[in-house]
Amino acid sequence: MSASTLHDGRTGWYASFRAGLPDRLDGLCLLGLGAFMAALARSRLYWNFLNPKFSHLTLTAGALLCLAALPPLLRPRPGRETPGRLARQTFLALFLALAVLAWRDAALESAPSGSGAFDPAPHADAAAAPNADVPVDLNPVVGNVPYVRLNLAELYIMVDKGRKDYPAHFALRAEVMRAPRLGEHGYVLLRRVAVVCCLADSLDLRFLTRGQAGAEVDTLKDGDWVEVYGRLEALKGADAGLPKLAPRGEGPGLAITNPKFRIQAEHVERIKGADFPYLFEFREKEPFAW
Amino acid sequence: MDQSAFSIFAAIVSSIVLEASPFLLLGSLLSAVLAVYVGDGALTRLSRRGLPAQIGMGLVAGLILPTCECGVVPVTRRLLNKGVPPGAAVSFMLAAPVVNPVCLAATWVAFQGDWRMVAWRAALVMVPAAAVAWVLGGTQRADLLRPTLAMANQSDNGCGCACGHEHEAQHDHGRHGFLRGLPEVLRLTGLEFLDMALFLIAGALAAGAFKAFLPQSWLGLVSGNLWLAVPALMLLAVLISICSEADAFVAASLSMFPRPALLAFLTLGPMLDLKLMPAFLSVFKRRPALVVITLPALTIFVLCISLGLTGVIR
């Protein structure tokens, strides 16, 4: 092979590679996003972003994006890098960087306290995860009083609809939120974030909660997780204006404190915390999603 | 759940894009299938019908082509490039995200089986969709569409594909056999998706910034006044850019607002939000884009205020 042939061959390969580069970059963008979606859909952290019922949809879309990446990657067509193309490639790369950062944050937040572990390992049962901690007894009896286990969002939805057939005595798990102006009146807030589709349309639902003799509401700290056995009571008189004193959002969800009812806690147990702090399923009759 | 504002921002942006991407991909796939497998003649026959018939077909086409607003713009561009008249394509683009079985069912569920909300939502979307389609119905395709992003530096040869390659290269736009056309469907799907994903990401960034960095307390200040509540929820719908498949649940949660304001939220969001506006501006030329952006907003404001003042719906 002569030197000139070698030179021509290299020039031809380079020109061909360069002409196909914009197409290949498009392919890489599609592959990157598709791989990210597929990996997240199989991850135990999926619920930090979307309702797990959509994990199969995300996985399918990710796989389809990977397939769509093949033609431009493997058989690129010659074309120029235009400003528009460069813009979309840049935006997608920036989005992927942001999404990886969000994934990392979710992993760190989900890790055991103080471990600092980042373990976004695939979870074999990502879609079923939120229901994994369903208790055996949905109708516990405490102090001879039968309670119905439900989740805070289910209670909120029933009350919001004006229904009267919510359980008279119920048990629910929630995170405690303290606010000084409510604490002066003997109240704490119980909150859960309800996710319908994704984090962007999540709701941070809250009830004012007050204890009675034997209940430990006064000693609860901000961020404690509790299982509260109690009943609903209408907010009356001076207490009717208290929901307006509730602090606004500190998380991703739109914060709403129930304006008409409070929870009267009859028995409170501190718990380790829900495996999944967000709620994804809401039923309006027994058995509730818990 | 103690998250810094930036972490929340990153998570919200990611979740919006991840939630919308499958629907955007579905729209791109549908668009690519139309491009590769459907001959132009089948759709151009529509143009022989009168404008009212075109608009009528566009308004109800969503019932058989379910799509959300995330994916409807590339489908519309494809339909226009395939010769579907603007009256049908534009009315489809604006109405289909709401007038489709998935969205109507979601509204019914979110409002606890209240058929009045479902019916009003569909009706209030159809009116501005028909109005915009009527205004743009006589516009020529060349006066309506910009060249695609990928072709911005190329000559406008009338091809509406988003393939981004030199058109001297071989590229069939005719009908293909299923297997032979499959690689082309995949290629067009990916490139069409990338074209629109730019705007989805831009909208998600804006919506994420709004949700993460702006206070929620202003909501309570305006909910008691119809004249403030309607434009406030219209603005909210534009800013938070939630998919039409999911927005009914958010609207249902804003129970402190009067129903006309909730309807304004539910009808404007699928027609105009932060991810749609740049998409309209990139797909349509300046004048039609302004019509598509302003006319629905004005129509919905007038209709919802009227509904509230007359007490037809409270």
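Whatever comes next refers back to the structure up there.
What you see is a predicted model; the values in this text were computed from it and never measured. Position numbers for residues count from 1 along each chain, tracking the sequence in the order it is written. All chains are assigned letters beginning at A, and all ligands numbers beginning at 1, according to the order in which they are written. For this predicted model, a pLDDT threshold of at least 70 governs which residues receive local features, and a threshold of 80 or more governs which side-chain atom pairs are given and counted, while totals over whole chains, interfaces and linings are taken from all residues. As a rule here, side-chain values cover all heavy atoms of the structure and leave hydrogens and water aside.

A.B. asks: Talk me through the overall build of chain A; I want residue IDs and the actual numbers.
C.D. replies: A run of H or I in DSSP counts as a helix once it spans at least four residues, and a run of E counts as a strand once it spans at least two, with each numbered from the N terminus. Tallying secondary structure elements over chain A gives 5 helices and 9 strands in all. The order of α-helices and β-strands along chain A, N terminus first, is α-α-α-β-β-β-α-β-α-β-β-β-β-β. Buried residues are those whose accessible area, probed at 1.4 Å on protein chains only, stays under 20% of the maximum for their type, while exposed residues exceed 50% and partly exposed ones sit between those limits. Classification of the 290 residues of chain A by burial places 49% in the buried group. The contact rule is simple, with two residues in contact once any of their heavy atoms fall within 4.5 Å. If you take every contact in chain A between residues at least 6 apart in sequence, the share linking residues at least 24 apart comes to 75%. Counting every atom, chain A has about 13,400 Å² of accessible surface; 59% of that belongs to carbon and sulfur. The Shrake-Rupley method, run with a 1.4 Å probe sphere, supplies the accessible areas, and residue values consider only the shown protein chains as cover.

A.B. asks: Please set out the pairing of strand 6 (residues 203-211) of chain A residue by residue, giving values where relevant.
C.D. replies: Residues and elements named next belong to chain A. Counting buried positions over the 9 residues of strand 6 gives 7, a clear majority of the element. In short, DSSP must find at least two bridges between two strands for them to pair. Where strand 5 (residues 187-194) and strand 6 come together, 8 bridges link them in antiparallel fashion. Bridge pairing links Arg-192 to Leu-205 in strand 6. Note that strand 6 and strand 8 (residues 254-271) share 8 bridges and pair parallel. Bridging across to strand 8, Arg-210 finds its partner in Gln-264.

A.B. asks: So, the nonpolar core: which residues are in play, and what are the values?
C.D. replies: In this structure, Leu-94, Phe-111, Phe-280 and Phe-284 of chain B are the most contacted members of the largest nonpolar core, which totals 140 residues. With residues up to four places along the chain from it excluded, the contact list for Leu-94 of chain B reads Val-125, Ala-129, Val-132, Met-271, Phe-280, Val-292 and Pro-296 of chain B. Buried residues of nine kinds, namely Ala, Val, Leu, Ile, Met, Phe, Trp, Tyr and Cys, make up a nonpolar core once their side-chain atoms join them within 4.5 Å.

A.B. asks: Can you break down the packing of aromatic side chains residue by residue, with the values?
C.D. replies: Two descriptors summarise a pair of aromatic rings, namely the distance from one centre to the other and the angle between the planes of the rings. Between the rings of Phe, Tyr and Trp (Trp by its six-membered ring), a pair exists once the centres lie within 6.5 Å; its type follows the angle of the planes, with under 30 degrees stacked, over 60 edge-to-face, and the other angles tilted. In total, this model carries 9 aromatic pairs over all chains according to the counting rule given. With 5.2 Å between their ring centres and 80° between their planes, Tyr-147 of chain A and Tyr-229 of chain A make a pair best called edge-to-face. Here the residue Tyr-147 of chain A occupies a position in the loop between strand 2 (145-146) and strand 3 (148-149), and Tyr-229 of chain A occupies one in strand 7 (residues 225-234), the gap between them amounting to 82 residues. The exposure classification of Tyr-147 of chain A matches that of Tyr-229 of chain A, with both residues buried. Geometrically, the ring pair formed by Phe-6 of chain B and Phe-9 of chain B is tilted, given 5.7 Å between the ring centres and 45° between the ring planes. With Phe-6 of chain B and Phe-9 of chain B both in helix 1 (residues 5-37), this residue pair falls 3 residues apart, about one helical turn. For Phe-6 of chain B, a relative accessible area of 42% gives the class partly exposed.

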